Structure formats: structure tokens, C-alpha cells
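Examining the three-dimensional arrangement
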Amino acid sequence: PDWKSAKTYKDILYHKADGMAKVTINRPEKRNAFRPLTVAEMHDAFADAREDPTIGVVLLTGAGPHTDGKYAFCAGGDQSVRGHAGYIGEDGVPRLNVLDLQKLIRSMPKAVIALVAGYAIGGGHVLHVVCDLTIAADNAIFGQVGPKMGSFDGGFGSSYLARLVGQKKAREIWFLCRQYNAQQALQMGLVNTVVPVAELEAEGVRWAQEILQKSPLAIRLLKSGFNAELDGQAGIQELAGNATLLYYMSEEAKEFHSAQREKRKADARKFPWLP
Ligand code: 2NE
């Protein structure tokens, strides 16, 4: 695709082309670990993709390889800025703003595909977990590290992970903090497919283009349906918001809306009470 830069940031790259947006974490010298600024920029880019009606699929990936030849999707929170109560930004305030980013990726009504080459570790692993689909390069390495370095993610990072790979495997991943290769990840249902690293983006684009040929409303409602089962009231809110969207588009809602604006009684009898 003819990727065009959509906005300039410090820690990430943001491109668009042909119905797709691409968010690239661009700190390869840190294995693409995120600091608060990185996350704020990702949140801004994902929010832009959400608002842009020409975009249907977002690809999330990491820049690389680094000069040492190694690849990384994301190595989680930048430990050099972790302070007393979270990751300390340039304003001196401690935050865990990656949780807001996780929620945005999960709830935005468009497909998000993680393209993982090299390390997806810690909070970086959780980022691919919350994406709708994951395409792994053959050199991908997955793992959680919290219990061996003083952290954990008991939210989507554990509960949704368990939905993907099952309770026993999810507990193994978190309790033992092992690393898993791409084939092991495929076997446990953690990723959708594995391709040679040189093919990673092209495969992501192929999957995105296949999705983009489908009905946008169907994909939107499916995503909120998948989420609703797991996300409690927030999931139901998302699904119900989509019901409202569809209702607004109906002749019935339009008649009631017009009647109020025109200070007349709505012609309710026009509309059937369907079984
Ligand atoms: C990812 C991994 C396994 C790669 O190992 P290797 O040997 O390939 O690379 P190396 O030499 O460890 O790292 C290369 C450079 O990247 C930096 C390193 O410090 C090193 O820098 P220099 O010494 O060359 O200057 N780097 C890598 N990861 C970093 C990080 N997370 N923060 C800051 N700098 C980092 C290996 O690098 C590794 O194990 N990394 C640490 C993984 C980690 O602890 N992640 C945080 C988990 S907690 C978390 O993400 C989190 C959470 O638990 C809850 C909420 C939000 C976030």
C-alpha cells in the first residue's frame, strides 16, 4: 500500500492507506517499550482511526529490526521511568495510561490486527492480547514477566488471556513467566497465524483487505457482540450503543424525531409491532 504519514509524533509512526491505519511503536532501541508519552500518542492515533470513517482496520506493530538485528513488537512499560505509583511522564505525574489504550483498542468499532515480530513481552504482550487478531512472524516471542520484576496485569492481560488460551495455560504463562515461540503461540490459540518475518506486513495487509471487503456494520456488531459476553455492563453499553445507531437509521426513529422537531404527533401506526 501507498502508506502516507497521517500525523507526526515523537515515539510512534502513524500511517494511512486504502482503508487501513498503521500504528508503529518507534523505540527499537528500547525493544519498543512504552513510556507515558508513547501511550498517549498511541491513544491519540487510535482515537483518530476510530473517528475516521474511511478507516476500517488498524494494524499495530513495532519498528525494527534494531541496529543489533533484533525485532520487537513491544517490551511493555519502560522500566527506566517507572516510579512510585506508575510510569512517570514529562509532567512528573505517575500513570498507567496503557489501560486506557487497551480499552480503546477493545471497544473501537473497527478491527485491530497486531503484527508481532520479535518480543511481545509484559505490557507489550497484553497489547497484542487485546487486539482482535494477531499475526505472528516466525521469530515472535511471547511472554509475561510481571511476577519476576514486580508488576502484573490482572485485567484484560489475565482474564481475557484466559479466554484465549484457557485458565490452565493463562496461569502457567503468568505464574512461570516463560517465553513461548510463534508455533507454541499458534498451538495455544494465542495468535491467528504465523508467517515468515519478511511477509509480516504484507500478510497483515492481506487480512485487512479481506476484512475491508465485508460489511462494516456486520463487523462492528460482531466485535461488540464478542465483547458484550465478556465485558459486563461496559460490553452491554457498547452493544446497546450500536442498537441505538441502527435505530437512528430506521424510518421509525426518523418519524419520531421529525414529529418532535415539527411539533406534531408522530404517526406511530405506520410502524409494525413485529413478533
Ligand atoms: C524484551 C527482552 C526479553 C529482550 O531481551 P534482549 O536481550 O533482546 O534485549 P535487552 O538487551 O534486554 O534490551 C535491549 C535494550 O532495550 C532496553 C534494555 O534496557 C536495553 O537497553 P540498553 O541496556 O541497551 O540501553 N529495554 C528492553 N525492554 C525494556 C523495558 N521494558 N523498559 C526499558 N528498557 C527496556 C528484555 O529486554 C526484557 O526482558 N525487557 C524488560 C521487559 C519488562 O520488564 N517489561 C515490563 C513489564 S511490566 C509492564 O509492561 C506493565 C505491567 O506489568 C502493568 C501495566 C503496564 C505495563
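Residues numbered from 1 in each chain as written. Predicted model: local features only at pLDDT ≥ 70, side-chain atom pairs only at ≥ 80, totals over all residues. Heavy atoms only, no water.

So the rule is basically this: UniProt positions are given in the numbering used here, feature names are shortened, and annotations may be inferred rather than shown by experiment.
Identification of the protein chain as 1,4-dihydroxy-2-naphthoyl-CoA synthase from Opitutus terrae is taken from an unreviewed UniProt entry. Recorded under Catalytic activity (unreviewed entry), the UniProt text for the protein chain is reproduced unchanged: "2-succinylbenzoyl-CoA + H(+) = 1,4-dihydroxy-2-naphthoyl-CoA + H2O". Taken directly from UniProt, the Function (unreviewed entry) text for the protein chain runs: "Converts o-succinylbenzoyl-CoA (OSB-CoA) to 1,4-dihydroxy-2-naphthoyl-CoA (DHNA-CoA)."

1. So, the pattern of salt bridges
Oppositely charged side chains are able to pair whenever their charged atoms sit close together. This is how the line gets drawn: Basic side-chain nitrogens of Lys or Arg form a salt bridge, by our definition, when they fall within 4 Å of a carboxyl oxygen of Asp or Glu. Under the scheme used here, helices are H or I runs from DSSP no shorter than 4 residues and strands are E runs no shorter than 2 residues, and both carry numbers assigned from the N terminus.
Overall, the coordinates contain 20 salt bridges when judged by the stated rule. Here aspartate 78 makes a salt bridge to arginine 27, at a shortest N to O gap of 3.0 Å. One end of the pair, aspartate 78, is in the loop between β5 (72-74) and β6 (82-83); the other, arginine 27, is in the loop between β3 (20-25) and α1 (36-51), and 51 residues separate them in sequence. Two residues, lysine 30 and aspartate 78, come together in a salt bridge whose shortest N-O distance is 3.6 Å.

2. What about the sheet that holds β5?
The cut-off we apply is this: Following DSSP output, two strands are said to pair if at least two bridges run between them.
Taking strand neighbours across the sheet as the criterion, the four strands line up as β5-β10-β12-β13 in an open arrangement whose pairing is mixed. Both edges of this open sheet fall to β5 and β13 (180-181), since each of them pairs with a single strand only. Pairing geometry for strand β10 (residues 119-121) and strand β12 (residues 141-143), over three bridges, is parallel. Counterpart to tyrosine 119 in the pairing with β12 is isoleucine 141.

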